[in-house]
Amino acid sequence: MIQVERILVDIDETSAHTVRDGVYPIVNAQYWTNFHIETTLNYRDVFWDNISEGWILIPTERKIQIFNEAILQDRWKNHIQPIEWSVETIRGFHEWGGDVWMLTARHPILKEYTPEWIRHHYGDTVSRVLFSNCYHGGKRTKSDICREENAQIMIEDDMDYALEIAREKVLVLLLRKPWNEQRKETHRNIKRVDSWEDIDL
Ligand SMILES: [Mg+2]
């Protein structure tokens, strides 16, 4: 048991099944591909660089567009489900008196729907939603926000973010995912956890 007052939680693939429920269904239908979350070994490459499956090449701009569209369309479809046990674990921490904020690098066009999705699935157990902006013309990174907001713990799925945040002396709980299992880096502030069920706050 760690004595914690505030945790910050990433959204995509840490709290939300954005890719499994939103992005891959669109990609697979439009491009006749068969992408599956369990065989996604490089999450960042899937989105931010060109990928090919068979003879299909999806340009980066189109992938970013699909990613944002998938989230915006969810407003009417409500298909993107929370990651298993995240709701229960966050609720438990909130009831104990802890503060949970979500922190994402999502595009500013998702600033309106993101808090709606969170409220729908997590109710009032998440008290703030913060957006880093270093990919969208600003300079504020996730690790800047962790430092400025005195985060004690950040829950993440992305090893690059985890390393950046761990250097700010924040304990990072890195959820085990196919795209971070291959990564061999270690840091004394990064602790790997198998799932939300294994997080004891
Ligand atoms: Mg993520």
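Cut-offs applied
Residues numbered from 1 in each chain as written. Predicted model: local features only at pLDDT ≥ 70, side-chain atom pairs only at ≥ 80, totals over all residues. Helix = DSSP H or I, 4+ residues; strand = E, 2+ residues; numbered from the N terminus. Buried ≥ 20, exposed ≤ 12 C-beta atoms within 10 Å, placed from the backbone. Contact = placed C-beta atoms within 7 Å. Arc of directions from axis to C-beta. Pairing = 2+ DSSP bridges. Axes fitted to C-alpha atoms, helices over the stretch in contact; angles between N-to-C directions. Core = buried A, V, L, I, M, F, W, Y, C linked by C-beta atoms within 7 Å.

A. The arrangement of the overall build of the chain in detail. When its secondary structure is counted, the chain shows 8 helices and 8 strands. Burial analysis of the chain (201 residues in total) assigns 33% to the buried set. In the chain, the share of contacts with a sequence separation of at least 24, taken over all contacts with a separation of at least 6, comes to 60%.

B. Region of the structure containing helix H4 (residues 86-95). Residues Ser-86, Thr-89, Ile-90 and Phe-93 constitute the buried set of H4. All buried residues of H4 lie within an arc of 95 degrees about the axis, which places them on one face of the element. The exposed set on the far side of H4, more than 90 degrees from its buried face, consists of Glu-88 and Glu-95. In this structure, the buried residues of H4 make contact with strand S1 (6-9), strand S4 (99-104) and helix H5 (113-122).

C. Representation of the sheet that holds strand S7 (residues 171-175) within the structure. Strand order across the open sheet formed by 6 strands is S5-S4-S1-S6-S7-S8, with parallel pairing between neighbours. Two strands lie at the open edges of the sheet, namely strand S5 (128-131) and strand S8 (190-193), each paired on one side alone. This sheet shows a mean twist of 25 degrees between the axes of neighbouring strands, independent of strand direction. Sheet topology places S1 next to strand S6 (residues 153-156); 3 bridges connect them, and they run parallel. Across the sheet, the residue bridging to Ile-7 is Ile-153, located in S6. Across the face of the sheet, helix H7 (residues 159-166) comes into contact with S6, S7 and S8 while running at roughly 170 degrees to S7.

D. The nonpolar core, seen in detail. If you look at the biggest cluster of nonpolar residues, it comprises 35 residues, and the most contacted ones within it are Ile-7, Met-154, Ala-162, Ile-165, Val-170 and Val-172. Mapped onto this core, the elements with two or more residues apiece are S1, H4, S4, H5, helix H6 (142-148), S6, H7 and S7. At 5 residues, H7 tops the list of elements feeding residues into this core. What Ile-7 contacts, discounting residues up to four positions off in sequence, is Phe-93, Gly-98, Val-100, Ala-151, Gln-152, Ile-153, Ile-155 and Leu-201. Val-27, Phe-67, Ala-70 and Ile-71 belong to the second-largest nonpolar core, a separate cluster that totals 7 residues.

E. Expanded view of the environment of Asp-200. As for its placement among the helices and strands, Asp-200 is situated in the segment after S8. Linking Asp-200 and Thr-89, residues 111 residues apart in sequence, is a C-alpha distance of 8.1 Å.

F. Broad picture of the pairing of S1. As judged from the 4 bridges shared by S1 and S4, these two strands associate in the parallel manner. Residue pairing in the sheet places Arg-6 in a bridge with Asp-99 of S4.

G. Inspection of unusual backbone geometry at higher detail. Positive phi outside glycine occurs at Glu-13, with the angle close to 70 degrees. Summarising the element assignment, Glu-13 is placed in the loop between S1 and helix H1 (18-31). Taking the number of C-beta atoms within 10 Å as the measure of exposure, Glu-13 has 21 and is therefore buried. Positive phi is not limited to glycine here, since Trp-32 has a value of about 60 degrees. In this fold, Trp-32 is placed in the loop between H1 and helix H2 (43-48). Residue class for Trp-32 comes out exposed when judged on the 11 C-beta atoms lying within 10 Å of it.

H. Region of interest: the environment of Arg-20. Secondary-structure assignment places Arg-20 in helix H1. A count of 19 C-beta atoms within 10 Å places Arg-20 in the partly exposed class. Sequence separation between Arg-20 and Ile-37 is 17 residues, and the spatial gap between their C-alpha atoms is 5.8 Å.

I. Representation of H7. For H7, the complete set of buried residues consists of Met-159, Tyr-161, Ala-162, Ile-165 and Ala-166. Buried positions in H7, seen along its axis, are confined to an arc of 160 degrees and lie on one side of it. Packed against the buried residues of H7 are H6, S6, S7, helix H8 (178-181) and S8.

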